[in-house]
Amino acid sequence: MVPAATVPRLLGAGVWPRPLRPHLLQSATPGRARPGGRTLASAATPAVSEPEDSIDVSDKILSQPLKHSDFFNVKELFSVRSLFDARVHLGHKAGCRHRFMEPYIFGSRLGQDIIDLEQTAAHLQLALNFMAHVAYRKGIILFVGRNRQFSHLIETTARNCGEYAHTRYFKGGLLTNAPLLLGPMVRLPDLIIFLHTLNNVFEPHVAVRDAAKMHIPTVGVVDTNCNPCLITYPIPGNDDSPPSIHLFCRLFQTTINRAKQKRRQMEALYRLQGPEGLGARGQGLAASPSLGGTHSPPEGE
Amino acid sequence: MARSRLETVGSVFSRTRDLIRAGVLNEKPLWFDIYNAFPPLREPVFRRPRLRYGKAKAAIQDILYPEDRIRAKFYSAYGSGQKAFDLFNPNFKSTCQQFVEKYIELQKLGETDEEKLFVETGKALLAAGVILRRVEARTQKEGGHVSWESEPTGVKPQTVLEKNQPLQEVPQDQHLETSEEQPKGLSPP
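Residues numbered from 1 in each chain as written. Chains lettered and ligands numbered in written order. Predicted model: local features only at pLDDT ≥ 70, side-chain atom pairs only at ≥ 80, totals over all residues. Heavy atoms only, no water.

### So, the nonpolar core
Residue and element names in this part refer to chain A. Grouped together as the largest cluster of nonpolar side chains are 57 residues, with contacts concentrated most on Phe-130, Phe-143, Ile-193, Leu-195, Val-219 and Phe-252. Of the residues forming this core, the biggest block, 12 residues, is contributed by helix H4 (residues 117-136). Excluding residues within four positions of it along the chain, Phe-143 makes contact with Ile-154, Ala-158, Cys-161, Glu-163, Tyr-164, Ala-165, His-166, Ile-193, Leu-195, Phe-252 and Ile-256. Residues Ala-207, Ala-211, Ile-216 and Cys-226 belong to the second largest nonpolar core, which totals 26 residues. (Core = buried A, V, L, I, M, F, W, Y, C linked by side-chain atoms within 4.5 Å. Buried < 20%, exposed > 50% of the residue type's maximum accessible area, 1.4 Å probe, protein only. Helix = DSSP H or I, 4+ residues; strand = E, 2+ residues; numbered from the N terminus. Contact = heavy atoms within 4.5 Å.)

### A word on the interface of chain A and chain B
At the interface, 50 residues of chain A touch 43 residues of chain B. Between chain A and chain B, a total of about 4,200 Å² is buried, with carbon and sulfur atoms accounting for 62% of that surface. The interface formed by chain A and chain B includes four salt bridges. Mapped by element, the contributors of at least two residues to the side of chain A that touches chain B are helix H1 (21-33), helix H2 (52-67), strand S3 (105-109), H4 and helix H7 (206-213) of chain A. (Buried area = accessible area lost by both parts, 1.4 Å probe. Salt bridge = Lys/Arg side-chain N within 4 Å of Asp/Glu carboxyl O.)

### Quick word on the domain arrangement of chain B
Per the domain assignment, the segments of chain B are domain 1 (1-49) and domain 2 (66-128). Distance between the C-alpha centres of domain 1 of chain B and domain 2 of chain B: 57 Å. (Domains from an automatic or database assignment.)

### Concerning the environment of Gln97(B)
Considering the arrangement of structural elements, one finds Gln97(B) in helix H4 (residues 95-108). Separated by 93 residues in sequence, Gln97(B) and Ser4(B) place their C-alpha atoms 58 Å apart.

### Some words on the layout of surface pockets
One simple way to see leftover space: roll a probe sized like a water molecule over the atoms. When its volume is computed, the largest pocket comes out at roughly 1,600 Å³. Phe84(A), His89(A), Leu90(A), Arg109(A) and Leu87(B) are the residues nearest the centre of the largest pocket, which is lined by 35 residues in total. Contributing elements (two or more residues each) for the lining of the largest pocket: helix H3 (80-85), S3, strand S4 (112-115) and H4 of chain A together with helix H3 (67-78) and H4 of chain B. Among the elements that make up the lining of the largest pocket, the one with the highest residue count is H3(B) (six residues). Of the residues in the lining of the largest pocket, the class split is 18 nonpolar, seven polar and 10 charged. (1 Å grid on protein atoms, 1.4 Å probe; cavity = no way out; pocket = protein on both sides within 12 Å on 5 of 7 lines; lining within 4 Å. Points joined across faces, edges and corners; volume = space filled by probe spheres on them. Nonpolar A, V, L, I, M, F, W, Y, C, P; charged D, E, K, R; others polar.)

### Overview of the environment of Asp68(B)
You can see Asp68(B) is positioned in helix H3. Along the primary structure Asp68(B) and Val100(B) are separated by 32 residues, whereas in three dimensions their C-alpha atoms are 8.9 Å apart. Sequence-distant contacts of Asp68(B), defined by excluding residues within four places in its chain, comprise Arg109(A) and Ile63(B). Reaching out from Asp68(B), the side chain makes a polar contact with the side chain of Arg109(A) at a distance of 2.7 Å. (Polar contact = N/O pair within 3.5 Å; in protein donor to acceptor, adjacent residues only side chain to side chain.)

### Focus: the environment of Asp223(A)
Residues and elements named next belong to chain A. On the secondary structure map, Asp-223 appears in the loop between strand S8 (218-222) and strand S9 (233-236). Among the residues examined, Asp-223 registers a relative accessible area of 0% and is labelled buried. Distance in space between the C-alpha atoms of Asp-223 and His-92 is 7.7 Å, their sequence separation being 131 residues. In contact with Asp-223, not counting residues within four places along its chain, are Leu-90, Gly-91, His-92, Met-101, Ile-115, Gly-237, Asn-238, Asp-239 and Asp-240.

### Focus on the pairing of S8(A)
All names here are of chain A. Burial of S8 is extensive: five of the five residues sit out of reach of the surface. Because side chains alternate across S8, one face comprises the buried residues Thr-218, Gly-220 and Val-222, and the other comprises Val-219 and Val-221, equally buried. Since strand S7 (residues 191-194) and S8 lie parallel, the crossover through H7 that links them has a hand, and here it is right-handed. By the bridge criterion, four bridges tie S8 to S9 in an arrangement that is parallel. Note that in S9 the partner of Val-219 across the bridge is Tyr-233. (Right-handed = clockwise from strand over helix to strand, strands pointing away. Pairing = 2+ DSSP bridges.)

In structure tokens form, the structure reads like this:
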């Protein structure tokens, strides 16, 4: 709705332009998807008299990645061994443990909680996949983290992805009272990523609760003293050691850049193929050479 | 855009889905299809954190290895290792770790008596490296204080004092006397 320049409070890179076109496309598809019924699957007949090609192409671009279980191949970005080397499994002492983190804890070694990396790997794969899809659909992503040691790193990560970051004092109504604080007609983030779920006084960050209020999904790194209830895609892991946070930032950055590159590739491909190539399936793309990208990541399935 | 700000009622997804079904929310949000296709392992519903009362305890096990027994004996006999732990090196082997590995090796050869194994391992390590001679000297010093060495309160001041012994003998003797008296009073009859 509003270009990045008129959003003063959110620290942004402005690399990724946000034209009005995708928002209009998204509003067009749900109208088609629900022809008066409860089915949310995409229907065949468009209600509006727009050129059929553009709708089908946009539909193909948006619906195709959802059919693969790992369209962006995020599994290859990490392994349990790499998580262990980055000290992601180290939690706080047993006295700091939060009750709801108990299912994610493997055990306690001499009083220090050790996080179960098998579960972390599963959660991380889901979270990265979700993040990639949101970035693919040109959603706004906001990185939040209140640990001062890593605030610069988080801001540079956001800049490198072309997304936004907020690592300073979070004002009360930033999400819930956005028209007043940020100006009228401001588009709120479509995904909030927490590198630290707690603020500087070890209480849950206000944005966790506010995102749940404003129907914004969240991805968050939850340590053993955090509450993972309200976070949509929690990633149980260490949020205090530098190697661990560096690993997470690197993973998030790679995933988002990969997703955006994929989107550029798909659009270019469909533009090239034109109206005759609308029947092309996902596997056809694997055979075609990569367009406009340095290297094409291996297709999902 | 219509929203219900009830974060304690259901998950973000259930509320959005129901608003769409009711016709209140007109456009599907960007993330809706993605959540539908790839839901999380646990639906993010709010739960009130309740404290545990009485004897209820968390079901988290302690992580202990059979080598921990050997490590406990090593540290009670020799104190903390002479070589500082180099945590930057992932393949680092401390004195204690070398001891434990030697012990297990000798155990596999057929020995069963723990005391014998302990002494054998000590000798084997002596033969292996130079650093271990100091280990032997420490056991001579601490041989008399083994009974109350194992108590956690007694260990720290003891090791600090012993290191400073060659430097300042007179005041340290007084300290030694007082610290000897305290643990003797604490040790069980």
